[in-house]
Structure formats: C-alpha cells, structure tokens
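One letter stands for each residue in the lines below.
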Amino acid sequence: MAATVLAATLSLPALAVMPDEKLADPVMEARAREISKELRCLVCQNQSIDDSNADLARDLRVLVRERLVAGDSNEQVLAYVHDRYGDFVLLRPPVTGYTALLWGGPFALLLLAGFGTALYMRQRRRDVDTMPAPALTAEEEARLAALLNDDKPGVGR
C-alpha cells in the first residue's frame, strides 16, 4: 500500500505534460521539455511549467511548442516568453540591479546590523570604563575591611 502511494506521489509531475501536448519529433519534444524546466508556473510559483498541472502552465507549454514548431531557437523561445511575462517567469532570472538588490539586500542588512551592534557594544564598554564607581556606604566599607583582614594570615585570628 505504501509503495503504491509513494509511486503515485512521485509520478504526479509526470502527469503535467499531457499526451495531446507532446510533439511527434522526439528531439523537438526534448527541447520543449528543456525550455519548460526553465520557466516558472505563474500560478504555482515554485514549480516549472513542466511540473505544473495549472491551466496557465499548460498554455505556456503549448506556446513553447508552437514557437519551436515555428522555427525558434531555445533562446528565442525563452526571450519571447520573457518579453511577455517579465523576469518572474524565469526560474533563474538574469542578474540586474533589481535582482542583485533582492539577492544582496538581506546580506547587506545583516552586515549593517552587525556593524551597528559592534558600535553599540564598543560605546557601551567605553561608558562602563569611564563611569565612576558608586561610593560605598560606611557599612559596606566596614564589611569589606573585615573580609580583607580575614584573608591575611595571622591578622584578626
């Protein structure tokens, strides 16, 4: 029973590309599958259109195959889809100022927070070093003197 459930679960992505979508030429179909693995399903967002069962993913798979049949290269198909849907449709978007900010922003914030924490701790240490110690009360001074005298051998005993 467990093996059947596991096999059914693992085969779900294989059901994404329907038989009526497949091209007759195996080389063209392989190219279509390769391109489809580079494109994000705009509905599922974390799946390629090759793995998604969404209607929009199906439409994009059909569009990819139509462009290939029309004679476009893999790069031309990706550029065509990218021009229509933007960077978000690519599973590996190009590095631009915007995407660099998205990828590098968290690291920059982390470095900024570390730098701010280091400055705060340095200033705090300086404040502690320069702050005068509070004066002892007469009772505290007497107790301190008694403790110091107890530690000396031969004194007070």
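Residues numbered from 1 in each chain as written. Predicted model: local features only at pLDDT ≥ 70, side-chain atom pairs only at ≥ 80, totals over all residues. Heavy atoms only, no water.

## Section: the overall build of the protein
From N to C terminus, the protein includes six helices and zero strands. Helices and strands in the protein line up, N terminus first, as α-α-α-α-α-α. Relative to its full complement of 157 residues, the protein shows a buried share of 20%. A separation of at least 24 residues holds for 54% of the contacts in the protein among residues at least 6 apart in sequence. (Helix = DSSP H or I, 4+ residues; strand = E, 2+ residues; numbered from the N terminus. Buried < 20%, exposed > 50% of the residue type's maximum accessible area, 1.4 Å probe, protein only. Contact = heavy atoms within 4.5 Å.)

## Quick notes on the packing of aromatic side chains
Each aromatic ring pair is specified by the distance between its two centres and by the angle formed by the two planes. Under the defined criterion, the tally for this structure stands at zero aromatic pairs. If you follow Arg 67 out to its NZ or CZ, it ends over the ring of Tyr 80, 4.1 Å from the centre. (Phe/Tyr/Trp six-rings, centres within 6.5 Å; stacked < 30°, edge-to-face > 60°. Lys NZ or Arg CZ within 6 Å of the ring centre and 35° of its normal.)

## Description of the packing of helix H3 (residues 55-69) against helix H4 (residues 74-85)
Contact geometry for H3 and H4: axes closest at 9 Å, N-to-C directions at 135 degrees. With respect to each other, H3 and H4 are oriented oblique. With respect to the hand of their crossing, H3 and H4 are arranged in right-handed fashion. Contact with H3, carried on its side by Leu 60, Leu 63, Val 64, Arg 67 and Leu 68, involves Asn 74, Val 77, Tyr 80, Val 81, Arg 84 and Tyr 85 of H4 and no other residues of that element. (Axes fitted to C-alpha atoms, helices over the stretch in contact; angles between N-to-C directions. Parallel < 35°, antiparallel > 145°, perpendicular 65-115°, else oblique. Left-handed = near helix turned anticlockwise from the far one by under 90°.)

## Brief notes about the packing of helix H2 (residues 26-36) against H3
It is the contact of H2 with H3, at a shortest axis distance of 10 Å, that shows an interaxial angle of 135 degrees. One finds that H2 runs oblique with respect to H3. In terms of crossing hand, the pair formed by H2 and H3 is right-handed. On the side of H2, the interface is formed by Met 28, Glu 29, Arg 31, Ala 32, Arg 33, Ile 35 and Ser 36, while H3 contributes Arg 61, Val 64, Arg 65, Leu 68 and Val 69.

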